[in-house]
Amino acid sequence: GITQMALSAVDLALWDLKAKASSEPLWHLLGGTPDKKVEAYNTDCGWLDRPLEKLVEDCRKMIEVEGFSAVKMKVGKPDPEEDLLRVEAVRQGIGAEARLMVDANAKWDLPTALEWGPRFADFDVAWFEEPLWHDDVQGHARLAKSLVTPLALGELLYNLDQFKEFVSAGAVHYLQPDASRCGGITGLLKVADLGQEHDLPVSPHHGDMMQAQIHAVIAHLACNQLEFIPWTLHCFEEPVAVCEGFYQMPENPGAGTTLTNEAIQKYGALL
């Protein structure tokens, strides 16, 4: 994993250099068109540690005030019944039209997921993300056959072969590669090709690199969505921007990874 993350960083840097040498944003270099619309779904409102009232308030704000059309919330409380009550409350808070995703971050085991996962269908959950440990192919395959709600995963898969295992087993419905882990933009595009080959949508994991991943999403036909978490926006010269629930098209040459002088001065000592 660590080696692959290091190689991913090099790949991201090389794509950035190539696009800058061509004086164009990376999405254009990759063959994307400016009319592509990429939905942003907000995860920053749905953290597991938020009290119920705050969780509902923040998710509702993202839909009603910030203009997002989709939000994602976490599950994984000690009592799964509490998770279901929180999902129900968020669904009521954001209304029937907004899309709601649920992410367990591998906190459930298979018996728990088989018992409680079917209840997500009652709340029109768009996908159930990482219900089990990230490399449990057979567990996810068994769960996929038992649930109406689609399964999503991939943020902790580090190469194309791992994605192929899940796809071949029928264990995943939404592929979620992370360019900072799966081999950079090159690796992400390979996973997107796999998704297109099997008619599976590809929705990359944020991983603090939505700055660069947005370019691949714009360019690839299998992608039309990208997770939004605003933690690192202040670090970049051209931070990604969302308007009415969709990403705005990056304009600067490169992969969107150019750091501000302030960020370099503040965090450079950590490198």
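Each remark here, short or long, concerns the structure printed above.
Structural notes, computed from the coordinates. (Residues numbered from 1 in each chain as written. Predicted model: local features only at pLDDT ≥ 70, side-chain atom pairs only at ≥ 80, totals over all residues. Heavy atoms only, no water.)

## Some remarks on a nonpolar patch on the surface
Next up, step 1: Where nonpolar side chains cluster on the molecular surface, the patch consists of Val-10, Leu-14 and Leu-17 and spans about 290 Å² of accessible area.
Next up, step 2: Structurally, the position occupied by Leu-17 is in helix α1 (residues 2-21). (Patch = residues over 30% accessible without salt bridge, like charges linked within 9 Å, V, L, I, M, F, W, Y side chains within 5 Å. Areas by Shrake-Rupley, 256 points an atom, 1.4 Å probe, with all protein chains shown as cover. Salt bridge = Lys/Arg side-chain N within 4 Å of Asp/Glu carboxyl O. Helix = DSSP H or I, 4+ residues; strand = E, 2+ residues; numbered from the N terminus.)

## A few points about unusual backbone geometry
Next up, step 1: Even without being a glycine, Ser-23 presents a positive backbone phi close to 60°.
Next up, step 2: As for its placement among the helices and strands, Ser-23 is situated in the loop between α1 and α2 (26-29).
Next up, step 3: Residue classification places Ser-23 among the exposed positions, given a relative accessible area of 58%.
Next up, step 4: Its identity is not glycine, yet Asp-208 carries a phi of approximately 65°, on the positive side.
Next up, step 5: Turning to its location among the elements, Asp-208 is positioned in the loop between α8 (184-197) and α9 (210-219).
Next up, step 6: Judged by relative accessible area, Asp-208 falls into the partly exposed class, the value being 33%. (Buried < 20%, exposed > 50% of the residue type's maximum accessible area, 1.4 Å probe, protein only.)

## Notes on the state of the cysteines
Next up, step 1: Summed over the entire model, instances satisfying the criterion amount to zero disulfides.
Next up, step 2: Here Cys-223 stays unpaired: no disulfide links it, and the sulfur of Cys-182, its closest cysteine neighbor, is 11 Å away.
Next up, step 3: Judged by its relative accessible area of 0%, Cys-223 is buried. (Disulfide = S-S within 2.5 Å.)

## What to know about the layout of surface pockets
If you roll a probe as big as a water molecule over the atoms, it shows you where there is empty space left.
Next up, step 1: Volume-wise, the second largest pocket comes out at about 220 Å³.
Next up, step 2: A per-class count over the lining of the second largest pocket returns six nonpolar, two polar and one charged. (1 Å grid on protein atoms, 1.4 Å probe; cavity = no way out; pocket = protein on both sides within 12 Å on 5 of 7 lines; lining within 4 Å. Points joined across faces, edges and corners; volume = space filled by probe spheres on them. Nonpolar A, V, L, I, M, F, W, Y, C, P; charged D, E, K, R; others polar.)

## Things to note about the side chain of Arg-181
Next up, step 1: With respect to the helices and strands, the residue Arg-181 is situated in the loop between β6 (174-175) and α8.
Next up, step 2: A polar contact is formed between the side chain of Arg-181 and the backbone oxygen of Glu-155, at a distance of 2.9 Å. (Polar contact = N/O pair within 3.5 Å; in protein donor to acceptor, adjacent residues only side chain to side chain.)

## Observations regarding α9
An α-helix turns once per 3.6 residues; consequently, residues spaced three or four apart project the same way.
Next up, step 1: Among the 10 residues that make up α9, nine are buried, leaving the element largely enclosed by the rest of the structure.
Next up, step 2: On its buried face, α9 sits against α1, α2, α8, β7 (225-228) and β9 (246-247). (Contact = heavy atoms within 4.5 Å.)

## With respect to α8
Next up, step 1: An ideal rise of 1.5 Å per residue puts 20 Å on 14 residues; α8 measures up with 20 Å between its terminal C-alpha atoms.
Next up, step 2: In this structure, the buried residues of α8 make contact with α1, α2, α7 (160-168), β6 and α9.
Next up, step 3: Residue Asp-199 follows α8 closely and has a positive phi angle near 60°. (Expected span 1.5 Å × (residues − 1).)

## Examining the nonpolar core
Next up, step 1: With 61 residues, the main nonpolar core has Val-87, Phe-128 and Tyr-247 as its most contacted residues.
Next up, step 2: Sequence-distant contacts of Phe-128, defined by excluding residues within four places in its chain, comprise Val-75, Val-102, Ala-104, Trp-108, Phe-120, Leu-147, Thr-149, Pro-150, Leu-151 and Ala-152.
Next up, step 3: Among the nonpolar cores identified, the runner-up in size contains 13 residues, and Trp-15, Leu-26, Leu-189 and Ala-216 belong to it. (Core = buried A, V, L, I, M, F, W, Y, C linked by side-chain atoms within 4.5 Å.)

## Thoughts on the environment of Ser-168
Next up, step 1: Within the secondary structure, Ser-168 sits in helix α7.
Next up, step 2: Between the alpha carbons of Ser-168 and Ile-94 there is a distance of 35 Å; along the sequence they are 74 residues apart.

## Considerations on the pairing of strand β2 (residues 70-74)
If a strand is regular, its side chains alternate between the two faces of the sheet.
Next up, step 1: Across the five residues of β2, five count as buried, placing the element largely inside the fold.
Next up, step 2: By the alternation rule, side chains of β2 split into Ala-70, Lys-72 and Lys-74 and Val-71 and Met-73, which are all buried.
Next up, step 3: In this sheet, strand β3 (residues 99-103) lies alongside β2 in parallel orientation, the contact comprising five bridges. When the sheet's bridge partners are listed, Met-73 is paired in β3 with Val-102.
Next up, step 4: Between the parallel elements β2 and β3, the chain passes through helix α4 (residues 80-94) in a crossover that is right-handed. (Pairing = 2+ DSSP bridges. Right-handed = clockwise from strand over helix to strand, strands pointing away.)

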